[in-house]
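Per-entry structural report
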There are 4 protein chains.
Amino acid sequence: MSYNTFGQLFRVTTWGESHGPAIGCVVDGCPPRLALTEADIQPFLDKRKPGQSAFTTQRKEPDQVRILSGVFEGQTTGTPISLMIENTDQRSRDYGDIARTYRPGHADLTYDLKYGIRDYRGGGRSSARETACRVAAGAVARKILGEGVRIRAALVQLGPHDIDRTRWDWEEVNRNPFFCPDAGVVAEWEEYLAGIRKAGSSIGAVIEVVAEGVPAGLGAPVYGKLDSDLAAALMSINAVKGVEIGDGFASASLTGQENADPLYMRDGKLTFGANHAGGILGGISSGQPIVARFAVKPTSSMLTPVPSITTDGKETKVITKGRHDPCVGIRAVPVGEAMMACVLADHLMRHRAQVS
Amino acid sequence: MSYNTFGQLFRVTTWGESHGPAIGCVVDGCPPRLALTEADIQPFLDKRKPGQSAFTTQRKEPDQVRILSGVFEGQTTGTPISLMIENTDQRSRDYGDIARTYRPGHADLTYDLKYGIRDYRGGGRSSARETACRVAAGAVARKILGEGVRIRAALVQLGPHDIDRTRWDWEEVNRNPFFCPDAGVVAEWEEYLAGIRKAGSSIGAVIEVVAEGVPAGLGAPVYGKLDSDLAAALMSINAVKGVEIGDGFASASLTGQENADPLYMRDGKLTFGANHAGGILGGISSGQPIVARFAVKPTSSMLTPVPSITTDGKETKVITKGRHDPCVGIRAVPVGEAMMACVLADHLMRHRAQVS
Amino acid sequence: MSYNTFGQLFRVTTWGESHGPAIGCVVDGCPPRLALTEADIQPFLDKRKPGQSAFTTQRKEPDQVRILSGVFEGQTTGTPISLMIENTDQRSRDYGDIARTYRPGHADLTYDLKYGIRDYRGGGRSSARETACRVAAGAVARKILGEGVRIRAALVQLGPHDIDRTRWDWEEVNRNPFFCPDAGVVAEWEEYLAGIRKAGSSIGAVIEVVAEGVPAGLGAPVYGKLDSDLAAALMSINAVKGVEIGDGFASASLTGQENADPLYMRDGKLTFGANHAGGILGGISSGQPIVARFAVKPTSSMLTPVPSITTDGKETKVITKGRHDPCVGIRAVPVGEAMMACVLADHLMRHRAQVS
Amino acid sequence: MSYNTFGQLFRVTTWGESHGPAIGCVVDGCPPRLALTEADIQPFLDKRKPGQSAFTTQRKEPDQVRILSGVFEGQTTGTPISLMIENTDQRSRDYGDIARTYRPGHADLTYDLKYGIRDYRGGGRSSARETACRVAAGAVARKILGEGVRIRAALVQLGPHDIDRTRWDWEEVNRNPFFCPDAGVVAEWEEYLAGIRKAGSSIGAVIEVVAEGVPAGLGAPVYGKLDSDLAAALMSINAVKGVEIGDGFASASLTGQENADPLYMRDGKLTFGANHAGGILGGISSGQPIVARFAVKPTSSMLTPVPSITTDGKETKVITKGRHDPCVGIRAVPVGEAMMACVLADHLMRHRAQVS
């Protein structure tokens with residue numbers, strides 16, 4: 001069985017394979033009378049789009065989105081919004097080999113173990129191409145959140161290389177091919193990743209997503225907590241192996257005093273002295289910025305041979321010749337933003353429902 | 001709004017406050033004709049129960065579970081199983097102060113921001129006492145999984161102190177007050193945590209959960225992936241700030257070759273050369289052990305004063321006098337096991353449904 | 001598998017068997033800060049309670065409800081509300097026979113076919129005793145709807161005997177043992193039903209539920225339509241075999257002109273010339289009264305023998321000796337009201353969420 | 001808010017407006033390795049397609065379905081199946097009037113009351129055109145059910161005109177423009193409906209759906225009962241005002257003896273003496289044919305003027321000039337079959353999940 005819908009009130013259902021005729025999603029539950037056209041969605045897709053630098057796959061997809069329903073005369077009608085993106089550059093011949101072998105660490109194997117069949121062309125349903133639909137849905141979610149909520153993400157670690165957080169500059173994020181907020185490491189990263197690519201290898205990364213302006217009170221304890229839903233949303237992105245909120249794993253080493261975010265009154269308003277909690281307490285937003293991080297493993301599609309088996313159970317070595325990202329974490333940056341937007345939009349609507 | 005149900009086919013709905021008359025849960029969707037009595041559930045509750053060592057809260061709760069429905073003559077009937085645990089040792093007077101102040105880092109504040117009301121006694125609904133219900137439900141989930149699936153958890157980090165993984169011994173876990181698998185660190189940990197407690201402080205921890213014998217094919221891509229559901233389940237536990245699968249955040253630093261789990265044929269069977277993936281590929285179990293870790297922050301209930309505010313907006317300092325765990329991570333060990341069991345039972349049932 | 005939860009935002013999960021220690025429900029998603037005590041719920045349970053006239057089962061159950069969670073100092077807290085009713089008068093010995101035979105037309109058979117096990121005592125989970133939980137949840141739902149929404153039901157057909165709708169008087173409903181709105185038929189009905197009872201037989205009925213003051217706009221097309229959710233809710237009541245909205249089946253015989261509800265402006269306000277639609281158009285409430293009817297079949301528990309089989313496949317004749325209602329439709333009246341209240345409360349909350 | 005998904009394991013999400021570029025659905029949860037091509041779906045769409053006789057709308061739509069995902073080399077892959085039908089014959093100019101007036105009895109009004117905006121062209125989302133997607137999904141559901149389950153529907157009442165059930169002939173259903181199983185009434189019905197059409201009026205109908213070969217045990221008490229889910233599914237079809245199972249409303253007039261379906265053993269097998277219950281007991285299938293009926297009201301789109309109001313609150317008279325069915329019940333016949341198929345497929349999968 002598959003399950004391809006997320007959200008409770010703001011619900012997104014995605015469909016499509018990497019090399020099928022198209023991919024798309026149905027965004028259901030969107031409130032009526034929000035201004036929405038393709039032009040509101042396209043910029044986010046362009047940001048995620050492949051083939052934009054030497055560090056992402058050379059597949060050329062325009063990723064042009066079409067709104068097929070749910071919008072009338074430039075406004076949402078409250079009915080389901082169907083979004084479709086046609087696949088145009090499917091070079092399926094590249095994938096002949098993976099029809100008969102399993103890439104170690106890839107979903108090839110488990111799709112076959114589960115379903116007994118798989119569309120091997122470009123990874124089929126397990127391809128990160130699906131994330132284009134998330135990005136499109138995220139653009140709709142941002143409309144619900146309004147301009148007061150600002151969601152941004154950045155690559156904060158490339159392989160073993162960290163950024164210097166004191167140099168964090170959001171403006172810088174859109175100026176380099178890594179979505180990196182620290183201009184000081186970009187040259188080094190370029191050299192490093194070029195080396196990885198030349199070596200026919202791949203590397204992991206860590207992305208940080210920050211949402212500012214989120215009202216307090218979002219989250220539905222105890223099984224629809226905001227952090228719980230964020231964890232599920234981020235972990236569902238291809239190749240993600242870890243999710244943190246606020247200080248995350250580092251908080252395990254802290255004492256209660258070190259971890260406490262003191263409360264003050266400043267100009268008659270509740271003010272926090274720190275944000276170790278990442279804006280979420282007891283599964284509910286506190287009004288502070290929501291901070292989440294997720295780790296992306298290195299892709300298993302690479303030119304370096306790895307011991308593997310064929311679909312009929314013979315040992316072999318696998319290399320993957322197609323067009324791939326040496327660091328899939330880079331293009332995960334806009335996807336992380338989109339998942340944050342979708343989760344927040346859903347919880348904003350859920351919170352509105354409780355008014356008594 | 002609250003949301004207190006998890007699972008799709010194996011569904012658990014919990015209810016109850018720390019100092020109300022009782023807590024409990026309804027376990028719905030359980031298959032019929034499984035042998036089940038209170039005696040199958042109680043040992044897991046006893047493991048989580050407070051007051052068992054100097055390192056957990058001194059609240060004395062027998063945590064005696066009663067089955068109120070869904071079982072007939074010692075067998076499940078396929079109808080909802082209602083489980084109830086009476087609260088017996090509620091010393092609400094301890095909590096007088098927190099009625100009028102917010103513990104920094106605690107859900108006190110956000111429950112008030114969201115609901116405009118909170119049952120402050122012992123933390124009310126936000127208390128970790130709710131996790132007793134998860135443990136009870138987990139015992140039912142284990143019945144569905146059967147004896148072939150073995151789920152165990154251990155504390156692998158106490159504050160800044162790691163274990164030595166080469167000394168890992170599952171037998172040791174039940175012999176020390178930390179559920180620690182490394183006998184070599186227990187003495188040191190005892191001294192360290194005694195110091196934390198004496199200082200009126202608290203400390204975080206990391207727990208690792210391992211499920212062996214899990215069949216390949218569990219998980220429902222792309223929004224009901226096994227790792228995605230595990231992330232949500234573990235992140236929903238009180239005080240958890242991070243979740244990892246397999247190598248988790250460490251995989252961000254690895255190259256594709258380092259991270260690949262090579263595949264071999266040994267004695268005619270698919271065999272893995274490593275388990276960096278933690279038993280999940282593309283959101284689907286591979287047949288390898290499922291490995292998850294989660295980080296627990298230090299509790300904000302401690303004897304050390306922290307700047308805070310009162311419910312009517314005046315600055316103050318807060319200390320929490322009640323009975324608390326200096327490291328809430330310890331009692332989270334059986335809770336982590338229970339969440340793993342519930343998620344796996346749900347996905348085992350979902351997988352059975354797909355047979356065509 | 002069983003599925004014992006209904007509602008999307010206002011969610012009710014019921015549990016319990018006819019002759020177990022207790023029955024109950026968890027009401028989740030209720031907004032905070034609504035005044036609620038047992039005294040708000042008990043009157044509705046008293047109305048449904050058995051043993052109140054010669055025409056309902058002689059089982060004596062006080063049906064005393066206890067609130068176990070979710071309410072603090074007389075107000076809802078927004079957390080799950082656990083309600084429990086203890087079973088006190090279980091005379092299980094009456095049901096010895098049905099352990100080994102199937103009542104034709106009863107769920108005895110299908111529970112065994114599905115689950116391979118059943119709690120036969122008093123019908124176990126399939127007993128209409130479960131509907132007490134619905135009535136309790138309905139009382140909470142009414143709190144959400146507020147005093148502006150008025151939900152009432154009445155028995156409009158007893159066996160082949162209709163009421164005269166021109167004599168409809170809501171006041172009369174609570175004055176006779178049938179919840180009948182037409183005083184003119186009560187004497188006749190008493191005689192008729194006494195005859196049915198003496199003959200060891202049973203009879204069906206039709207109930208009408210009317211909700212006034214429902215705001216326009218409730219309902220979530222096209223698969224969460226208000227009438228669709230009402231149909232599911234009413235059909236889920238024990239022994240119900242049909243559901244109608246507005247003119248229902250009669251509308252099949254009408255022409256478009258006869259069926260149209262003309263629209264006028266009266267004193268500057270939208271006014272309807274008729275209500276054939278029963279207050280729902282396109283699955284959305286129009287502001288007119290919501291009118292639903294449901295048909296209840298005669299119970300299969302009766303003293304008249306019917307050909308049947310034993311659990312080990314031998315032919316036999318079945319009579320049911322326990323204590324039963326000759327017309328289960330009577331006590332379904334408050335249950336119908338409760339289901340209407342729950343569905344409306346859920347949709348009121350869903351509608352609030354859409355505000356943009 | 002809208003809600004456009006139905007089913008729990010076999011889930012269908014539909015989208016699209018009458019006069020948008022296309023309509024479609026995503027069928028999620030379908031098991032893998034079922035043979036499926038467009039040719040499996042098209043015949044069912046052709047049956048529902050407009051413009052096939054003088055008695056259905058003259059809009060000409062080829063209703064050609066395309067499979068965009070979820071199928072690989074002629075087999076389902078277990079991933080979401082996206083189906084799309086392009087709209088080709090949108091004569092929107094016909095609908096100019098209804099942009100500014102409300103058809104009494106139509107969803108025009110309530111969509112505006114709920115959403116504050118509506119796509120008025122051809123009824124937008126509230127158009128019965130959406131049911132083409134249900135029919136497409138139903139064709140997929142039939143694949144899951146397999147050839148052993150046979151689902152057929154027929155028109156059993158046209159306005160006030162019943163059929164003679166003793167002449168019921170399933171073969172006849174596909175030979176006349178009414179899907180009527182009684183050849184003896186066809187001529188009379190043709191004359192009658194021609195009269196209705198000439199008069200610029202419309203008329204209601206009743207449809208009966210029968211599913212044979214359904215295994216015992218399907219249904220998930222007490223809120224996922226098979227009859228409850230069927231009631232919701234059928235009531236969600238446009239213009240439906242009533243749903244019955246088995247004897248339905250007629251059972252209200254029966255005594256327990258009359259309504260009982262006696263049980264016998266014949267050739268060592270459980271055998272029923274009658275089927276008043278319509279194949280469902282306690283919400284669970286008994287192995288007998290499932291029998292459901294639903295009532296369709298006359299469409300409010302007709303050439304006869306009815307008092308109404310304009311969108312800016314002025315009184316007027318409305319006639320609807322576009323192309324409409326004089327009896328929308330006729331084309332609801334294949335839709336009823338499809339909903340039955342979807343509900344049964346979902347419950348078959350849910351039942352498989354419970355095996356312990």
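Please read all numbers here as calculations on a predicted model, not as lab measurements.

Counting its regular elements, chain A contains 8 helices and 18 strands. Compactness check: chain A gives a C-alpha radius of gyration of 21 Å against a globular reference of 21 Å for 356 residues, within 12% of the reference. Principal axes of the C-alpha set define a box for chain A whose edges measure 70 × 50 × 35 Å. Buried positions account for 69% of the 356 residues belonging to chain A. Counting every atom, chain A has about 10,700 Å² of accessible surface; 49% of that belongs to carbon and sulfur.

On to the relation of the copies chain C and chain B. If you rotate chain C by 180 degrees and push it 0.0 Å along the axis, it lands on chain B with an RMSD of 0.0 Å. Overall, the copies show the geometry of a two-fold rotation axis.

Another point: the interface of chain D and chain C. With 102 residues of chain D in contact, the opposing surface of chain C contributes 103 residues. Around 7,800 Å² of area is buried between chain D and chain C when both sides are counted, 62% of it from carbon and sulfur atoms. The largest contributions to the chain D side of the interface with chain C come from D:Y223, D:K241 and D:F249, which together make up 11% of the buried area. For the interface between chain D and chain C, the tally reads 2 salt bridges. Among the salt bridges present, the one from D:R266 reaches C:E315, with a minimum N-O distance of 3.0 Å. Take the side of chain D that touches chain C: its biggest share by element is 7 residues, from helix 2 (residues 107–115) of chain D.

On to the interface of chain C and chain B, then. If you look at the interface, chain C gives 44 residues, while chain B gives 43 residues. A combined buried area of about 3,400 Å² lies between chain C and chain B, and 65% of that area is made up of carbon and sulfur atoms. On the chain C side of the interface with chain B, the three residues burying the most area are C:W15, C:F72 and C:I117, jointly 18% of the side's total. Here chain C and chain B share 0 salt bridges between them. Of all elements in the fold, only strand 2 (11–16), strand 3 (22–28), strand 4 (65–67), strand 6 (75–76), strand 7 (81–86) and helix 2 (107–115) of chain C reach the threshold of two or more residues within the side of chain C that touches chain B. Element by element, the count of residues in the side of chain C that touches chain B is highest for strand 2 of chain C, at 5 residues.

All names here are of chain C. Where helix 6 (residues 226–235) meets helix 8 (residues 328–353), the closest approach of the two axes is 10 Å, and the angle between their N-to-C directions is 145 degrees. Of the two elements, helix 6 crosses helix 8, and the hand of that crossing is right-handed. For the pair helix 6 and helix 8, the contacting residues are L226, D229, L230, A233 and L234 in the first and G336, M339, M340, V343, L344, H347 and R350 in the second. The residue inventory of the contact of helix 6 with helix 8, partitioned by class, reads 8 nonpolar, 2 polar and 2 charged.

Further remarks concern the sheet that holds strand 8 (residues 150–158) of chain B. Overall, antiparallel pairing links the 10 strands, which are arranged 9(A)-8(A)-10(A)-16(A)-11(A)-11(B)-16(B)-10(B)-8(B)-9(B) in an open sheet. Two strands close off the open sheet at either side, each with one partner strand: strand 9 (161–162) of chain A together with strand 9 (161–162) of chain B. Bridge count for strand 8 of chain B against strand 9 of chain B is 2 bridges, and the pairing is antiparallel. Bridging across to strand 9 of chain B, B:Q157 finds its partner in B:D162. Along the sheet face, helix 5 (residues 183–198) of chain A touches strand 8 (150–158) and strand 9 of chain A and points at about 60 degrees away from the line of strand 8 of chain A. Along the sheet, helix 8 (residues 328–353) of chain A contacts strand 8, strand 10 (205–212) and strand 16 (290–296) of chain A; its crossing angle with strand 8 of chain A, the most-contacted strand, is approximately 150 degrees.

With that out of the way, let us pick up the side chain of B:H347. Residue and element names in this part refer to chain B. For H347, the location among the structural elements is in helix 8 (residues 328–353). Taking relative accessible area as the criterion, H347 reaches 1% and is therefore assigned buried. Dropping the residues within four chain positions of it, H347 is found in contact with L218, G219, A220, G224, K225, L226 and D229.

Turning our eyes to something else, we now look at the packing of aromatic side chains. The tally for this structure, following the rule as stated, stands at 23 aromatic pairs over all chains. Judged by centre distance (5.1 Å) and plane angle (70 degrees), the ring pair of D:W168 and D:W170 falls under edge-to-face. Following the ring pairs from residue to residue traces out a cluster consisting of D:F55, D:F178 and D:W189. It is A:R350 that lies over the ring of B:Y3; its NZ or CZ is 5.4 Å from the centre. In this structure, D:K114 is placed above the aromatic ring of D:Y115, and the distance from its NZ or CZ to the ring centre is 5.8 Å.

This part takes up the UniProt feature "binding site: FMN" (unreviewed entry) in chain A. The sites that carry the UniProt feature "binding site: FMN" (unreviewed entry) are, in the present numbering, A:R125, A:S126, A:S127, A:N238, A:A239, A:G282, A:K297, A:P298, A:T299, A:S300, A:S301 and A:R323. With respect to the secondary-structure elements, A:K297 resides in the loop between strand 16 and strand 17 (306–309). Aside from chain neighbours lying at most four places away, what touches A:K297 is A:G105, A:I203, A:G204, A:A239, A:K241, A:V328, B:S251, B:N259 and B:L281. Within the structure, the side chain of A:K297 is placed 2.9 Å from the backbone oxygen of A:G105, a separation counted as a polar contact. Structurally, A:S301 is set in the loop between strand 16 and strand 17. The class of A:S301 is buried, set by a relative accessible area of 6%. Side chain to side chain, A:S301 and A:R103 meet in a polar contact 2.7 Å long.

As summarised here, the arrangement of the 10 strands in space is 9(C)-8(C)-10(C)-16(C)-11(C)-11(D)-16(D)-10(D)-8(D)-9(D), forming an open sheet in which the pairing is antiparallel. Unpaired on one side and paired on the other, strand 9 (161–162) of chain C together with strand 9 (161–162) of chain D mark the two borders of the sheet.

With that settled, consider helix 1 (residues 38–48) of chain D. All names here are of chain D. Looking at helix 1, one finds that the buried residues are I41, Q42, L45 and R48. With its buried residues spanning 120 degrees around the axis, helix 1 presents them on a single face. Looking at the buried side of helix 1, the elements it contacts are strand 4 (65–67), strand 7 (81–86), helix 3 (131–145) and helix 8 (328–353).

What follows deals with the pairing of strand 13 (residues 269–272) of chain C. Looking at chain direction, strand 12 (residues 263–266) of chain C and strand 13 of chain C are connected through 4 bridges and run antiparallel. By the bridge assignment for strand 13 of chain C, C:Y264 is matched with C:T271.

Averaged over every residue, the pLDDT of chain A is 94; the share at 70 or more is 97%. On the interface metric, ipTM, the complex scores 0.97, and its pTM is 0.97.

All names here are of chain A. When the UniProt feature table is mapped onto this chain, "binding site: NADP(+)" (unreviewed entry) is found at R48. With respect to the helices and strands, R48 occurs in helix 1 (residues 38–48). Judged by its relative accessible area of 1%, R48 is buried. Setting aside its immediate chain neighbours within four residues, R48 contacts D63, A128, R129, T131, A132, V135, R331, P334 and V335.

You can see C:K225 is positioned in the loop between strand 10 (205–212) and helix 6. Buried charged residue C:K225 carries no salt bridge. Nearest counter-charge: C:D227, at 5.9 Å. What C:K225 contacts, discounting residues up to four positions off in sequence, is C:A220, C:G282, C:G283, C:H347, D:S236, D:I237 and D:N238.

In this structure, the amide linkage connecting C:P221 to the following residue, C:V222, adopts the cis form with an omega of -5 degrees. On the secondary structure map, C:V222 appears in the loop between strand 10 and helix 6. Although it is not a glycine, B:D267 adopts a positive phi angle of roughly 55 degrees. Among the structural elements, B:D267 can be located in the loop between strand 12 (263–266) and strand 13 (269–272). At C:F179, a residue that is not glycine, the phi angle is positive and equals roughly 55 degrees. Looking at the secondary structure, you find C:F179 in the loop between helix 4 (170–173) and helix 5 (183–198).

Each value, and the rule that gives it
Residues numbered from 1 in each chain as written. Chains lettered and ligands numbered in written order. Predicted model: local features only at pLDDT ≥ 70, side-chain atom pairs only at ≥ 80, totals over all residues. Heavy atoms only, no water. Helix = DSSP H or I, 4+ residues; strand = E, 2+ residues; numbered from the N terminus. Rg over C-alpha atoms; globule rule 2.2 N^0.38 Å. Buried < 20%, exposed > 50% of the residue type's maximum accessible area, 1.4 Å probe, protein only. Areas by Shrake-Rupley, 256 points an atom, 1.4 Å probe, with all protein chains shown as cover. Least-squares fit on C-alpha atoms with pLDDT ≥ 70 in both. Contact = heavy atoms within 4.5 Å. Buried area = accessible area lost by both parts, 1.4 Å probe. Salt bridge = Lys/Arg side-chain N within 4 Å of Asp/Glu carboxyl O. Axes fitted to C-alpha atoms, helices over the stretch in contact; angles between N-to-C directions. Left-handed = near helix turned anticlockwise from the far one by under 90°. Nonpolar A, V, L, I, M, F, W, Y, C, P; charged D, E, K, R; others polar. Pairing = 2+ DSSP bridges. Phe/Tyr/Trp six-rings, centres within 6.5 Å; stacked < 30°, edge-to-face > 60°. Lys NZ or Arg CZ within 6 Å of the ring centre and 35° of its normal. UniProt positions renumbered as here; feature names shortened; annotations may be inferred. Polar contact = N/O pair within 3.5 Å; in protein donor to acceptor, adjacent residues only side chain to side chain. Arc of directions from axis to C-beta. pLDDT = per-residue confidence, 0-100. Lys, Arg positive; Asp, Glu negative; His and termini not counted.

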